Amino acid sequence: MTGAATLLRLMLRRDRLRLSLWAAGIGLMGFYFANAVQVITEDEAELAQLAGMFADPVGRLMTGPAFGMDEPTFERFFAAGYVLFLYILVALMSVFTVVRHTRAEEQTGRAELVRANVVGRHATLSAALLLVVGANVIAAALIVAGALSGGYAAEGSVLVGAGALAVGLFFSGAAATAAQMSESSRGASAMAGGLLGLAYLIRMGGDMAEQGGTALSWASPLGWAQQTAPYVEDRWWPLALLLGGAALLAALGFWLSTRRDVEASLMPTRLGRRSAGRSLGTPLGMAARILRGGLRGWGLALVLCGLLFGSYAQALVDAADELPAEIAMIFSGESMMLGYLAYMALFMAIFVTAAGVSGLHQLRGEETRGRAELGLSVPMSRSTWLGAHLTVLLGGLVLILLLVGVAMGAGAAAVLEDGGGRYFGELVMAALHQAPAALAVIGIVVALFGWLPRAASAVGWVIIGYGAVMTNFGQLLELPEVVYELNVFGHLSQYPVEEVSWAPVAVLTGIGAAGIALGFLGWNRREVNRV
């Protein structure tokens, strides 16, 4: 533990802006949700009508077990519909921060330099966990303040904040363990993030089956936090599961760190071939080798999600007559089934675009770690290097969109009783129809990569997050029209409910192409590895 305090001060110095923005963003979102609920409803009758949206099986699939929606209040509506997304943001903040200060430091070689001084073996991980605990406490306090600003009950509000803190600590422990398993920061983040995604999927299945959740809901760490039932039952004891899991995972991370060398990993690195394939001698082959791992991971996860969403189609048909008007508003069109499938295609396209932003962040990592400079030392132009990576990335995204559409179509065809196979082709086309929106986001991020590389990844994730929030909740919040227009994913027609409108397709494609052109221009003009 020697030197932990000094390392903690260094981490605070490095992350003072990053963590401040994370905590402030989470707090502002909690404040907005807590107060927007009271703005969008004029009386108790309208609130009760909206509550049916979350009590419905499809609503529970997305947001949680819907405690208290049989007798809704503003605070119960807030807890049932929006708190889960605050928990997810806190978990992501925790995972990224722990990995950034542990495995990423080893990967760059800085950890070895630090360890050459008088620094204990556990000092780095201890300081990282202390930093995350402090950030989680601040975020939780801001969430509580946001809930109290809406006039909500004090005990339930504190329980919501405590749930956010407990979720953050649990996934901090998961990240601490993952950092010992993988030799790359990307792999460690993928492991911990995969656990978060699995927790969400398990919770979906458990909560959709029955209001209040089922036994399956208790198999998810996110389910543990939601089973506290704020403002309804105010149960504190489920948080003990999260805190106990956090302690066990953190202890496992400390123990595993003693079983490996610095910069090594517990999961053995797969030995490469004795001689490189011919493709590695080409720009496209090298780009494919760099990006294939991330694209493959995202692709597998999203295809499984697409299959799962498609398999819920029959449940929607069975509950169609009981769906509230707000669900019908989201699943637009005369056919509720087609509306649901079109919405799922849009929802999945947001995550496919996130895979693209993640790939571009990987490109920036190639530059900052010096590998791009080594690649450019051979007879290869900058445009060829960037063009090869973008070709692989965009081709991978189109393939993922296609496979997600196929998976959703297969899932729907397997469960629908009235000939679900007729939706298969429409779902594939609905998924591919979202490609221009993904291209527009990629273009914006590539333009920033060329001119303002430090801001590129952050702006990309902001666009993704904004699009996800507006797609899921925008129609319920009655915001000014300009707010909706800023959502890149909200301009394309809802195919197959609506006919394809080619004007948005052309505009979004033009934005993407222009952004990529600007990115090439900036990349060819600026210094490599520019900070």
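Residues numbered from 1 in each chain as written. Predicted model: local features only at pLDDT ≥ 70, side-chain atom pairs only at ≥ 80, totals over all residues. Heavy atoms only, no water.

**Some thoughts on the overall build of the chain**
Stage number 1. Counting its secondary structure elements, the chain contains 23 helices and zero strands.
Stage number 2. Each of the three principal axes of the chain carries a C-alpha extent, and together these read 65 × 55 × 40 Å.
Stage number 3. In the chain, which comprises 531 residues, the share counted as buried stands at 52%.
Stage number 4. Within the chain, contacts between residues at least 6 apart in sequence are counted, and of these 78% link residues at least 24 apart.
Stage number 5. Accessible surface, the chain as shown: approximately 23,000 Å² in total, 64% of it carbon and sulfur.
Stage number 6. Charge separation in the chain, taken as the distance between the mean sites of 33 positive and 37 negative side-chain charges, equals 24 Å. (Helix = DSSP H or I, 4+ residues; strand = E, 2+ residues; numbered from the N terminus. Buried < 20%, exposed > 50% of the residue type's maximum accessible area, 1.4 Å probe, protein only. Contact = heavy atoms within 4.5 Å. Areas by Shrake-Rupley, 256 points an atom, 1.4 Å probe, with all protein chains shown as cover. Lys, Arg positive; Asp, Glu negative; His and termini not counted. Charge placed at Lys NZ, Arg CZ, Asp CG, Glu CD.)

**Observations concerning the environment of Ile143**
Stage number 1. You can see Ile143 is positioned in helix α8 (residues 123-149).
Stage number 2. Excluding residues that lie within four positions of it along the chain, Ile143 makes contacts with Ile26, Leu86, Val90, Val160 and Ala164.

**Observations concerning the nonpolar core**
What tends to happen in soluble globular proteins is that the nonpolar side chains get buried as a cluster.
Stage number 1. Among the nonpolar cores identified, the biggest contains 141 residues, and Phe77, Phe78, Leu222, Phe309 and Trp385 are the most heavily contacted of them.
Stage number 2. Here the element with the most residues in this core is helix α16 (residues 336-368); it accounts for 17 residues.
Stage number 3. Once residues within four sequence positions are removed from consideration, Leu222 is found in contact with Leu84, Tyr87, Ile88, Val167, Leu196, Ala199 and Tyr200. (Core = buried A, V, L, I, M, F, W, Y, C linked by side-chain atoms within 4.5 Å.)

**Focus: the packing of helix α13 (residues 283-311) against helix α18 (residues 382-415)**
Stage number 1. Packing of α13 against α18 brings their axes to within 8 Å, and their N-to-C directions diverge by 20°. By the angle between their axes, α13 is roughly parallel relative to α18. Once α13 is placed against α18, the crossing between them reads as right-handed.
Stage number 2. Each residue belonging to the contact of α13 with α18 can be placed in one class, and the counts come to 21 nonpolar, nine polar and no charged. (Axes fitted to C-alpha atoms, helices over the stretch in contact; angles between N-to-C directions. Parallel < 35°, antiparallel > 145°, perpendicular 65-115°, else oblique. Left-handed = near helix turned anticlockwise from the far one by under 90°. Nonpolar A, V, L, I, M, F, W, Y, C, P; charged D, E, K, R; others polar.)

**Overview of the side chain of Ser257**
Stage number 1. Structurally, Ser257 is set in helix α12 (residues 238-257).
Stage number 2. Residue classification places Ser257 among the buried positions, given a relative accessible area of 11%.
Stage number 3. With residues near it in sequence (within four places) discarded, Ser257 still touches Arg121, His122 and Gln180.

**Considerations on the side chain of Thr102**
Stage number 1. Secondary-structure assignment places Thr102 in the loop between α5 (83-101) and α6 (103-108).
Stage number 2. In this view, Thr102 contacts Thr124, Leu125, Ala128 and Ala179; residues no more than four positions away in its chain are not counted.

**A short note on the confidence of the model for the chain**
Stage number 1. Of all residues in the chain, 91% have pLDDT values of 70 or greater, and the mean over the chain is 86.
Stage number 2. Ranking the elements of the chain by mean pLDDT puts helix α15 (residues 325-330) last, at 54, and helix α20 (residues 435-451) first, at 96. (pLDDT = per-residue confidence, 0-100.)

**Some thoughts on unusual backbone geometry**
Stage number 1. Even without being glycine, Ala66 reaches a positive phi, approximately 60°.
Stage number 2. Following the sequence through the fold, Ala66 ends up in the loop between α3 (57-63) and α4 (74-81).
Stage number 3. Look at Ala66 and you get buried, because its relative accessible area is 3%.
Stage number 4. Phi at Tyr231 takes a positive value of approximately 70°, unusual for a residue other than glycine.

**Focus: the pattern of salt bridges**
Stage number 1. Scanning all chains against the criterion turns up 11 salt bridges.
Stage number 2. A salt bridge links Arg526 to Glu367; the shortest N-O distance between them is 2.6 Å. Here the residue Arg526 occupies a position in the segment after α23 (502-525), and Glu367 occupies one in helix α16, the gap between them amounting to 159 residues.
Stage number 3. One salt-bridge network, held together by shared partners, links Arg14, Glu105 and Arg110. (Salt bridge = Lys/Arg side-chain N within 4 Å of Asp/Glu carboxyl O.)

**Observations regarding the packing of α5 against α8**
Stage number 1. Close contact between α5 and α8 brings their axes to 9 Å; oriented N to C, the two are set at 160°. In terms of axis orientation, α5 runs roughly antiparallel to α8. When the axes of α5 and α8 are compared, the crossing they make is right-handed. Facing α5, whose interface residues are Leu86, Val90, Met93, Ser94, Thr97, Val98 and His101, α8 presents Thr124, Ala128, Leu129, Leu131, Val132, Ala135, Asn136, Ala139 and Ile143.
Stage number 2. A class-by-class count of the residues in the contact of α5 with α8 yields 11 nonpolar, five polar and no charged.

**Structural notes on a nonpolar patch on the surface**
Stage number 1. On the surface, a nonpolar cluster with roughly 380 Å² of combined accessible area is contributed by Trp451, Leu452, Leu518 and Leu521.
Stage number 2. As for its placement among the helices and strands, Trp451 is situated in helix α20. (Patch = residues over 30% accessible without salt bridge, like charges linked within 9 Å, V, L, I, M, F, W, Y side chains within 5 Å.)

**Thoughts on the packing of aromatic side chains**
Stage number 1. The tally for this structure, following the rule as stated, stands at 13 aromatic pairs.
Stage number 2. Taking the centre distance of 6.0 Å and the plane angle of 85° together, the rings of Phe170 and Trp224 count as edge-to-face. You can see Phe170 sitting in helix α9 (residues 154-181) and its partner Trp224 sitting in helix α11 (residues 221-226), a full 54 residues away along the chain. No difference in accessibility class separates Phe170 from Trp224, as the two residues are buried.
Stage number 3. The rings of Tyr32, Phe33, Phe77 and Tyr82 are connected pair by pair, giving a single aromatic cluster.
Stage number 4. The lysine or arginine in question, Arg203, covers the ring of Tyr200, its NZ or CZ lying 4.6 Å from the ring centre.
Stage number 5. The ring centre of Trp523 lies 5.5 Å from the NZ or CZ of Arg382, which sits over that ring. (Phe/Tyr/Trp six-rings, centres within 6.5 Å; stacked < 30°, edge-to-face > 60°. Lys NZ or Arg CZ within 6 Å of the ring centre and 35° of its normal.)

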